[in-house]
Amino acid sequence: MAVSARVLGRGVPALPALLRRSLCCAAPGRTGGGARRAALAAAGAAGALGLALWRRRAAMAASEEDEDEEEELRFMAPPVSGLRELRRRRRELRSRMELLIMETQAEVCRALAALDPGAAFAVDSWERKEGGGGISCVLQDGDVFEKAGVNVSVVSGLLSEEAARQMRSRGKSLKAKDGKLPFCAMGVSSVIHPKNPHVPTMHFNYRYFEIEEADGTKQWWFGGGTDLTPTYLNEEDAVHFHKTLKEACDKHDLKLYPKYKKWCDDYFYIKHRGERRGIGGIFFDDLDSPSKEEVFQFVKSCAKAVVPCYIPIVKKHCHDSFTPEEKLWQQLRRGRYVEFNLVYDRGTKFGLLTPGSRIESILMSLPLTARWEYMHTPPASSKEAEILEVLRNPKDWVY
């Protein structure tokens, strides 16, 4: 019997043993004619049943592989843990979180690509020898975006002593066994630097962290946020951005937005400059209550708000005209962005302290170009001075 090599190549098992035995039994033997005919009839029935079962298994295997291929098309690349493994553990929060960050990456990349059709994302899947890997999607030198990166990472291994020390400084009580702390961390992180100075830079990050202590107890928490860094202030854009994030928070608790808005203003503070990096948004970390499921649903709502809070602003301003002086101011503000990320940002510090971390992905947040000028001060009552006032004295945008 001829069997399709293409079907077998898709992981379908060979003919079942029942069918093989039945075909063997059908060979002539020394039995009488009646017994032989009965044996042949039984073998034929068993063989037909075996063939039907084999065809069913082949169809199921082919269907499952087609489903894998179709689902992977939703993402920018196959998930780090693999679709089969994620399906097998589909009830575990770690699997659901990995699927969420993969979906968020794809949604954001496709929304950005639709606005900048002359450019394309370079998709780079990478592995970490200590455990896990990631997918980096970076667009550079487009007509709309100078640099846009949307990264996913799913890593595991042993926490370095430096990283553990950083966590303990935030109040985490981590009990290592023989100095070792197994961990799992995953998240999606993005920074988008547009060319036009009237289009704001935007950053978002949503992540999940899990650590196993010496007694087997697992500590877990979520972190993340979304924030906007405009070069020039547009109050209508600021209201839209904050209102969209507030609506995502309000689905879960009316107290969340004001709490995390203030946290964002306080976190993205460039102490040595006395100003915020931008006009804020929401930010939270070490979130482990009221329950794992409730926190996950909150994070999911925030991640789904990324495209609607930002893309309308890009569409509105990406074709605005601008002067060389406005471009210069954008370059100077980007210098402040670099200062914060390299001096204060917690995620950058953790990445640099994690063994085997991918430096290119960690520093993806930096713009292609920036500028520092000695003692630069904008004229009073200028548009440049207007944004500085807001950065030094944060405003409530939706009340």
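A few points about the overall build of the chain
Broken down by element type, the chain carries 14 helices and 9 strands. Per-residue burial for the chain yields a buried fraction of 48% across its 399 residues. Taking the contacts inside the chain whose residues are at least 6 apart along the sequence as the reference set, 72% of them involve residues at least 24 apart. A total accessible area of about 19,800 Å² is found for the chain, and carbon and sulfur atoms account for 54% of it.

Some thoughts on the packing of helix H5 (residues 93–115) against helix H10 (residues 306–317)
Packing of H5 against H10 leaves a shortest axis separation of 11 Å and a crossing angle of 10°. Taken together, the axes of H5 and H10 are roughly parallel relative to one another. Residues Glu 107, Val 108, Ala 111, Leu 112 and Leu 115 of H5 form the contact with H10, whose participating residues are Val 306, Val 307, Tyr 310, Ile 311, Val 314 and Lys 315. A class-by-class count of the residues in the contact of H5 with H10 yields 9 nonpolar, no polar and 2 charged.

Some words on the pattern of salt bridges
A side chain with one charge may pair with a side chain of the opposite charge, provided their charged atoms come close. In the structure shown here, the tally under the stated rule is 27 salt bridges. Ionic pairing is found between Glu 85 and Arg 88, a salt bridge with its closest N-O pair at 2.7 Å. Within this pair, Glu 85 and its partner Arg 88 are both found in helix H4 (residues 83–88), separated by 3 residues, close to a single helical turn. Classification of Glu 85 by relative accessible area gives partly exposed; the value is 27%. Of the charged contacts in the structure, one is a salt bridge between Arg 89 and Glu 85, with a shortest N-O distance of 2.8 Å. Overlapping salt bridges bring together Arg 74, Glu 103, Glu 107 and Lys 304 as one network.

Some remarks on the confidence of the model for the chain
Looking at the chain as a whole, the pLDDT averages 86, with 80% of positions reaching at least 70. Counting contacts from residues 1–13, a segment whose pLDDT is below 50, to residues more than four positions away or on other chains yields 16 contacts. Every residue in residues 21–31 is under pLDDT 50, and counting partners more than four places away or in other chains gives 8 contacts.

Here we look at the side chain of Ser 190
The topology assignment puts Ser 190 in strand E4 (residues 182–194). Within the local environment of Ser 190, its side chain forms a polar contact with the backbone oxygen of Gly 149, the two atoms lying 2.9 Å apart. Residues in contact with Ser 190, not counting those within four places in the same chain, are Gly 149, Val 150, Met 202, His 203, Phe 204 and Met 364.

So, the sheet that holds strand E5 (residues 201–212)
Read from one edge of the open sheet, 7 strands run E1-E2-E3-E4-E5-E6-E9, paired in antiparallel fashion. The open sheet is flanked by strand E1 (122–127) and strand E9 (280–287), the only strands paired with a single partner. Strand-to-strand twist across the sheet, computed as the mean angle between neighbouring axes with direction ignored, equals 5°. Where E1 and strand E2 (residues 132–140) come together, 6 bridges link them in antiparallel fashion. Within the sheet, the bridge partner assigned to Asp 124 lies in E2 and is Ser 136.

Here's the deal with the packing of helix H9 (residues 292–304) against H10
Relative orientation of the contacting elements H9 and H10 amounts to 15°, with a least axis distance of 4 Å. As judged from the angle between their axes, H9 and H10 are roughly parallel. Here H9 contributes Cys 302, Ala 303 and Lys 304 to the contact with H10, which in turn contributes Val 306, Val 307 and Pro 308. Taken together, the residues that form the contact of H9 with H10 break down as 5 nonpolar, no polar and 1 charged.

Quick word on the environment of Val 108
Among the structural elements, Val 108 can be located in helix H5. Separated by 199 residues in the primary sequence, Val 108 and Val 307 have C-alpha atoms spaced 6.2 Å apart. Among all residues touching Val 108, those that are not within four sequence positions of it are Val 150, Phe 204, Val 306 and Val 307.

Cut-offs and rules
Residues numbered from 1 in each chain as written. Predicted model: local features only at pLDDT ≥ 70, side-chain atom pairs only at ≥ 80, totals over all residues. Heavy atoms only, no water. Helix = DSSP H or I, 4+ residues; strand = E, 2+ residues; numbered from the N terminus. Buried < 20%, exposed > 50% of the residue type's maximum accessible area, 1.4 Å probe, protein only. Contact = heavy atoms within 4.5 Å. Areas by Shrake-Rupley, 256 points an atom, 1.4 Å probe, with all protein chains shown as cover. Axes fitted to C-alpha atoms, helices over the stretch in contact; angles between N-to-C directions. Parallel < 35°, antiparallel > 145°, perpendicular 65-115°, else oblique. Nonpolar A, V, L, I, M, F, W, Y, C, P; charged D, E, K, R; others polar. Salt bridge = Lys/Arg side-chain N within 4 Å of Asp/Glu carboxyl O. pLDDT = per-residue confidence, 0-100. Polar contact = N/O pair within 3.5 Å; in protein donor to acceptor, adjacent residues only side chain to side chain. Pairing = 2+ DSSP bridges.

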